[in-house]
Amino acid sequence: MTRIAAVHGALPRHRYAQSELTEAFVRGWGLAGAKRALLERLHRNVGVEFRHLALPVPRYIEISGFREANDAYVAAALDLAAEAADAALAEAGAAPAEVDMILLVSTTGVAAPSLDARLVERLGLRHDVKRLPVFGLGCAGGVAGIARVHDLLRGWPGQTALLLSVELCSLTLQRDDLSVANFVGSALFGDGAAAVVARGAARESAGPAVVATRSRFYPGTGHVMGWQVSEKGFQVMLDPGIPDLVRTHLAGDVDDFLAEHGLTTKDITAWVCHPGGPKVLEAITETLDLPPDALDVTWRSLARNGNLSSASVLHVLRDTLARRPEPGTPGLLLALGPGFAAELVLLRW
């Protein structure tokens, strides 16, 4: 089985309390009356206490449009991804030259050459390294990235793969968008990166094993999450019906997936869940009939860092591993993203 040899998360150095960011948005948007009250209520209710941003707050006011925002994304994303990758490789005891494949997930900016190409020389990777940049998976990208790395390593069990996730959500917020969705985005999302080193079954390695993966696409739901792309950049789409979709579909999909391996939700000893926001986490807990503390690590990640899109679930995985789940027991990675879709990965600790 594929082994996850190391997981490392990285955060930008600009850290703000949620109350500081609330005031910054009120000033930046010039909000008063009902709009200000709505923004303040949303910022209070999303369960976020701190967030890390790619840039200091005053710098965002100076950004003039999509091109400048995307240039800032490329520069900051490369630094953050390199930091996460170097640390993960060191933790795994792997030299950069051992990496046979790099898969990079990001949905908050664009680049060609892609970020992974720009990192090859910076990280000291071989010039025959296989590269796969992935765009558009959003919050599901961290779990999907592990699944796709597992697919590759099943075919090449003697190889080593590096998964990178980097998301700079703050650079996508639209200054002239006073919609509820953009207000929610301003309350919930932060910036961060993560790296995972994985080894195929023919390589000696410690760490949790990937047992199986499952992707689930829900037809007719393309409008509930994603981007509207305009000349000003990425405008967020977040439908308030997402928790209801979770209640409608997720339990059946998780139950069927686990049943194929002779398991039920009661057998899972650690849930590694993406921190999609309080209402989504409450819906997951309710529909899967989880114990009240099952998603504690996820809730803490949400409070400390906000939602880091695809990188968040990898931060939760790192924090879960630090708790040392009982060896040999099953764990489940779970994330939801644009499509609308669910990604599941069954682990053995």
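Residues numbered from 1 in each chain as written. Predicted model: local features only at pLDDT ≥ 70, side-chain atom pairs only at ≥ 80, totals over all residues. Heavy atoms only, no water.

J.: Hey, could you run me through the sheet that holds strand 1 (residues 2-10) in this one?
T.: Backbone-to-backbone hydrogen bonds pair the strands of a sheet. The strands run either parallel or antiparallel. What the 9 strands build is an open sheet, ordered 5-4-6-7-1-8-13-12-11; its pairing is mixed. Single-partner strands in this sheet number two, and they are strand 5 (130-134) and strand 11 (270-273). Ignoring strand direction, the axes of neighbouring strands in this sheet form an average angle of 20°. As paired strands, strand 4 (residues 101-105) and strand 5 are joined by 5 bridges and run parallel to one another. Within strand 5, the position partnered with Val105 by the bridge is Val134. Its contacts with the sheet place helix 11 (residues 312-322) against strand 1, strand 6 (160-168), strand 7 (191-199), strand 11, strand 12 (330-337) and strand 13 (341-348), and it is angled at close to 110° to strand 1. (Pairing = 2+ DSSP bridges. Helix = DSSP H or I, 4+ residues; strand = E, 2+ residues; numbered from the N terminus. Axes fitted to C-alpha atoms, helices over the stretch in contact; angles between N-to-C directions. Contact = heavy atoms within 4.5 Å.)

J.: What is the right way to look at the state of the cysteines in this model?
T.: Two cysteines whose sulfur atoms are joined by a covalent bond form what is called a disulfide. A complete count under the given rule lists 0 disulfides for this structure. Between Cys169, a cysteine without a disulfide, and Cys139, which holds the nearest cysteine sulfur, the sulfur-to-sulfur distance is 7.2 Å. Between Cys273, a free cysteine, and Cys139, which holds the nearest cysteine sulfur, the sulfur-to-sulfur gap is 11 Å. (Disulfide = S-S within 2.5 Å.)

J.: How do you make sense of the packing of aromatic side chains when you look at a structure like this?
T.: Two aromatic rings are characterised by how far apart their centres lie and by the angle between their planes. All chains considered together, the criterion is met by 6 aromatic pairs. Ring centres of Phe66 and Phe234 lie 5.4 Å apart, and the angle between their planes is 65°; this geometry places the pair in the edge-to-face category. Here Phe234 lies in strand 10 (residues 233-238) and Phe66 lies in helix 4 (residues 66-92), a separation of 168 residues in the sequence. Using a relative accessible area of 6% as the deciding quantity, one classes Phe234 as buried. Summarising the aromatic geometry, the rings of Trp227 and Phe234 are spaced 5.2 Å apart at their centres and angled 15° between planes, so their arrangement reads as stacked. Overall, the relative accessible area of 24% leaves Trp227 in the partly exposed class. (Phe/Tyr/Trp six-rings, centres within 6.5 Å; stacked < 30°, edge-to-face > 60°. Buried < 20%, exposed > 50% of the residue type's maximum accessible area, 1.4 Å probe, protein only.)

Interpretation in functional terms is not warranted from these geometric data alone.
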